[in-house]
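Each chain, written out:
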Amino acid sequence: MRGLKPARNQVAQALFRPTRFIHLNNVVKLLKVSADTKNLTLGKSIHSHLLVINQTSFESSIHPLNSLINVYVKCNQIPTAQKVFARMPDRNLVSWCSLMAGYLQTGFSLEVLKLFKNMILVDGLKPNEYVIAVVFSACSDSGKALEGRQCHGYVVKSGLVFHQYVKNALINMYSKFLDVEGAMRVFSLVPGYDVYSYNSVLRGLLQQGFLNEAVQVLDRMMGDGVKWDSVTYVTVFGLCACLKDLNLGLQVHCRIMKRYLELDVFVNSAIINMYGKCGEVFNARKAFDGLKGRNVVVWTGIMAAYFQNGCFEEALNLFSEMKIDDISPNEFTFAVMLNSTAGLSALRHGDVLYGEIVKLGFMDHVIVGNALVNMYAKCGNIGAASEVFSDMIYRDCISWNVMICGYSHHGLGKEAMAVFHDMLAVGECPNYVTFVGVLSACSHLGLVKEGLYYLNQFMKTVGVEPGLEHYTCVVGLLSKAGLLDEAEKFLRSIPVKCDVVAWRTLLSACQVHRNYGFGRRIAEFVLEMDPNDVGTYTLLSNIYAKAKRWDGVVKIRKLMRERNIKKEPGVSWIEIRNVTHVFVSDDCQHPESIQIYEKVKELLARIKPLGYIPDVAGVLHDVEEEQKEDYLSYHSEKLAIAYGLMHAPSEAPIRVFKNLRMCEDCHSAMKLISKLTNKIIIVRDANRFHSFRNGCCSCSDYW
Ligand SMILES: [Zn+2]
Ligand SMILES: [Zn+2]
């Protein structure tokens, strides 16, 4: 009798005096105690006692035997419970229900459904609300939608549907099946649900993006006067975040404050996330600052809020503060940090984070690996991106997409396609984003036929509906191949609403292919669509200049003045030893600007013998030729490159980032500078990466 507490010890000793008669009622009470306390030893002793006094084979023993099954179920001894059940001379609903609940708890939901069938067929019993609730849960756990719906029919006919248990189980089941219509039907036919049902329906709707339905359910929940719990708050804040509905979010936040509720860390994170998604970083920060116990989840939440709103530096600063607070980062923290680093194109910072990730052992997290690949690709180091990708042990769809799109963005079409074929070979399913990368790779490679095949056939086969991004890629593909008429026809025929970007792709192709008449027509059309699109004015002005139509240039400039459209100044930046240096065209703000201008002059003088002819066609026509050269000389990327050549370590490639599209003059200068200095120069402009090496660019002069 070791292991029993003293009081029970006496009970058990009393039991084992075989001469002593114990009333069955007391046996049932004792069994209840052992079930409630999960005391298997006591349960087994009583079981032995029942066997000794031969109380297991009469019809009258149904009650104690049911209790015994319950003990074994509660103590996770399902096979023993099953044995007791099988040897029962007679069984009632409770016997069946107890055993079914046991199988459900231990994850054998198919066994539950089998028992349910036998209960009706063998014992001829009619289920009650408890049995039905167990059956619905089993259907949802095992994904048996058909059986679930049949039972739904039964409970409606039998009237069991009005029981609270049944309703909740039914709603839960439809939510788990992702059957929104089913859940909403149950909801609208039967009134009165508890907070758990509301939570599970709201969560289901939210997960599947049925946001309007979720709002309807929320309305009903308010009408029913159900008391919210913290799960409700988390879910509703999540809903506000998805809807980007700040008003609703504020109302819910007020509701919490009015009720002076203790907020747990999940609710707090949900509040921070909601404000972040609604673009209210300030409010998110206020909620964060008001917290007492901050754990890694809320820290990561506030960093993510900053990141989503483009405040990358603030996100990175918070990371240092978090460390001062002695909170260790997790995989999500690192993902947010890497994405912020990518946003700043701060490669050195990314390297430091990489080191930290390896040291702390976070490399095996897919989310971290994906963010690393993305960071390296965005920071211009596609080689490092590819290394991280090859070393990843686990990959998901995002990993493949990041690598494919990274290669495409760098103009490495062949590599992108190779990764895409590997992806198909390992059986990963391509999605919307994958095909944006694939189609843009086709465009780099000039694979018109293949591109159209992917768009018109392959995407259908794998069930991806083409969207604007795909159509825009195809426009790029056709126009790069010089099929300008086809590209225009294609643009006019696509089934989705076109934006300016798609048309501008065609427009810049007109410039590259020197088809100025066509270009003018397209530009005028784009300006009708969006009279404020600066990029189009610039392209059109360049087209006029190249065709030596100076009247046209003047007209465009006048138009821009009249419509108060300002050309965004060209800005380039370069990171050297953790410091980012920013250059604006023709600007002398940098402390070393005299030396930088000297360096530019020297470089341009040295590449002239290699064939550099300043491309003055695009510059204002009413200045002297010599002055035109001056205007070109000090474009921001030239300043940044000169500075890089002065200060960057000799081996490393020079990486420059620019906000606008590179002009043709800078492009040809960069090619020759890479040859002159024998260096790799990487420039990311508004469109893509250019990798200059030994006098050539990875874009093959098309961008
Ligand atoms: Zn330039
Ligand atoms: Zn290029």
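Remember, it's a predicted structure, so these values are computed and weren't measured experimentally.

Criteria and thresholds
Residues numbered from 1 in each chain as written. Chains lettered and ligands numbered in written order. Predicted model: local features only at pLDDT ≥ 70, side-chain atom pairs only at ≥ 80, totals over all residues. Helix = DSSP H or I, 4+ residues; strand = E, 2+ residues; numbered from the N terminus. Buried ≥ 20, exposed ≤ 12 C-beta atoms within 10 Å, placed from the backbone. Contact = placed C-beta atoms within 7 Å. Axes fitted to C-alpha atoms, helices over the stretch in contact; angles between N-to-C directions. Parallel < 35°, antiparallel > 145°, perpendicular 65-115°, else oblique. Left-handed = near helix turned anticlockwise from the far one by under 90°. Nonpolar A, V, L, I, M, F, W, Y, C, P; charged D, E, K, R; others polar. UniProt positions renumbered as here; feature names shortened; annotations may be inferred. Expected span 1.5 Å × (residues − 1). Pairing = 2+ DSSP bridges. Right-handed = clockwise from strand over helix to strand, strands pointing away. Core = buried A, V, L, I, M, F, W, Y, C linked by C-beta atoms within 7 Å.

### Here we look at the overall build of the chain
So, point 1. Within the chain one finds 37 helices and six strands.
So, point 2. Expressed along its principal axes, the backbone C-alpha trace of the chain runs to roughly 120 × 55 × 55 Å.
So, point 3. Per-residue burial over the chain gives 43% buried out of 703 residues.
So, point 4. For the chain, contacts bridging at least 24 residues in sequence account for 63% of all contacts bridging at least 6.

### Describing the packing of helix H8 (residues 129–142) against helix H9 (residues 145–158)
So, point 1. Remark: H8 packs on H9, axes separated minimally by 9 Å, with the N-to-C direction vectors making an angle of 155 degrees. Taken together, the axis directions place H8 and H9 in an arrangement best described as roughly antiparallel. Where H8 crosses over H9, the handedness of that crossing is left-handed. Where H8 abuts H9, its residues Ile132, Val135, Phe136, Cys139 and Ser140 lie against Glu147, Gly148, Cys151 and Val155.
So, point 2. Partitioned by chemical class, the residues of the contact of H8 with H9 number six nonpolar, two polar and one charged.

### Quick look at the UniProt feature "repeat: PPR" (unreviewed entry) in the chain
So, point 1. In this structure's numbering, the residues bearing the UniProt feature "repeat: PPR" (unreviewed entry) are residues 92–127, 194–228, 295–329, 396–430 and 533–567.
So, point 2. The straight-line gap between the two end C-alpha atoms of residues 92–127 is 10 Å; of that span, 72% is helix and 0% is strand.
So, point 3. End-to-end, the C-alpha atoms of residues 194–228 are 10 Å apart, and along that stretch the chain is 77% helix and 0% strand.

### Description of helix H15 (residues 246–258)
So, point 1. Relative to the 18 Å expected for 13 residues at 1.5 Å per residue, H15 spans 18 Å between its end C-alpha atoms, a close match to the ideal helical length.
So, point 2. In the segment just after H15, tyrosine 260 is the residue with positive phi, at about 50 degrees.

### Quick notes on unusual backbone geometry
So, point 1. Not every positive phi belongs to a glycine, and asparagine 76 is a case in point at roughly 65 degrees.
So, point 2. If you check the backbone angles, serine 345 has positive phi at about 50 degrees while not being a glycine.
So, point 3. Checked against the element boundaries, serine 345 lands in the loop between helix H20 (331–344) and helix H21 (347–360).

### Considerations on the packing of helix H32 (residues 534–546) against helix H33 (residues 550–562)
So, point 1. Running from N to C, H32 and H33 point in directions that differ by 160 degrees, and their axes come no closer than 8 Å. What the angle tells us is that H32 and H33 run roughly antiparallel. Considering how the two elements wind past one another, H32 and H33 form a crossing that is left-handed. Between H32, through Tyr537, Leu540, Ser541, Tyr544 and Ala545, and H33, the contact on the second element is made entirely by Gly552, Val553, Ile556 and Met560.

### Examining the pairing of strand E5 (residues 689–693)
So, point 1. Burial runs high along E5: four of the five residues are buried.
So, point 2. As judged from the four bridges shared by strand E4 (residues 681–684) and E5, these two strands associate in the antiparallel manner. Of the residues in E5, the one forming a bridge with arginine 684 is phenylalanine 689.
So, point 3. Taking the residues that link successive antiparallel strands as the turn, the E4-E5 hairpin has four residues.
So, point 4. Sheet analysis places E5 next to strand E6 (residues 696–697), joined by two bridges and oriented antiparallel. Note that in E6 the partner of phenylalanine 692 across the bridge is cysteine 697.
So, point 5. Between E5 and E6, which pair antiparallel one after the other, the connecting turn spans two residues, and asparagine 694 there sits at a positive phi close to 50 degrees.

### Quick notes on the sheet that holds strand E1 (residues 571–576)
So, point 1. Strand order in the open sheet formed by six strands is E2-E1-E3-E4-E5-E6, and the pairing between neighbours is mixed. Each end of this open sheet is capped by a strand with a single partner; those strands are strand E2 (579–584) and E6.
So, point 2. Sitting on the sheet, helix H36 (residues 636–647) is in contact with E1, E2, strand E3 (654–658) and E4, with an inclination near 15 degrees to E1.

### Notes on the pairing of E4
So, point 1. Taking every second residue as pointing to the same face, both faces of E4 are buried, with Ile681 and Val683 on one and Ile682 and Arg684 on the other.
So, point 2. One ladder, built from four bridges, connects E3 with E4; its direction is parallel. Its bridge partner lying in E4, arginine 655 is registered against isoleucine 682.
So, point 3. For the crossover from E3 across helix H37 (residues 664–677) to E4, the handedness is right-handed.

### Comments concerning the nonpolar core
So, point 1. Among the nonpolar cores identified, the biggest contains 159 residues, and Met100, Val112, Val134, Val135, Phe237 and Ile302 are the most heavily contacted of them.
So, point 2. If sequence neighbours within four positions are ignored, methionine 100 has contacts with Val112, Leu115, Phe116, Val131 and Val134.
So, point 3. Grouped together as the second largest cluster of nonpolar side chains are 31 residues, Ile607, Tyr643, Val656 and Met662 included.

### Considerations on the environment of glycine 107
So, point 1. The residue glycine 107 is located in the loop between helix H6 (93–105) and helix H7 (109–121) in this model.
So, point 2. On the neighbour-count criterion, glycine 107 (10 C-beta atoms within 10 Å) is exposed.
So, point 3. Along the backbone, glycine 107 and aspartate 141 are 34 residues apart, and their C-alpha atoms lie at a distance of 8.0 Å.

### What to know about the environment of phenylalanine 435
So, point 1. Mapped onto the elements, phenylalanine 435 comes out in helix H26 (residues 432–445).
So, point 2. Considering only alpha carbons, one finds phenylalanine 435 and valine 94, 341 residues apart in sequence, at a separation of 56 Å.
So, point 3. Ignoring anything within four residues of it in the chain, the contact list for phenylalanine 435 reads Pro430, Tyr454, Met459, Val464 and His470.

### A short note on helix H24 (residues 397–409)
So, point 1. Taking 1.5 Å per residue as the helical rise, H24 with its 13 residues ought to reach 18 Å, and the 18 Å between its terminal C-alpha atoms agrees with that figure.
So, point 2. By the burial criterion, the buried members of H24 are Ser399, Trp400, Asn401, Val402, Met403, Ile404, Cys405, Gly406, Tyr407, Ser408 and His409.
So, point 3. Its buried side turned inward, H24 meets helix H22 (366–378), helix H23 (382–391), helix H25 (413–425), H26 and E5.
So, point 4. Phi for glycine 411, located one or two positions after H24, is positive at around 80 degrees.

### Considering the environment of asparagine 309
So, point 1. Tracing the sequence through the fold places asparagine 309 in the loop between helix H18 (296–308) and helix H19 (312–324).
So, point 2. Spatially, the C-alpha atom of asparagine 309 lies 7.2 Å from that of glycine 276, the residues being 33 residues apart in sequence.
So, point 3. Sequence-distant contacts of asparagine 309, that is, excluding residues within four places in its chain, are made with Gly276, Gly279 and Val281.

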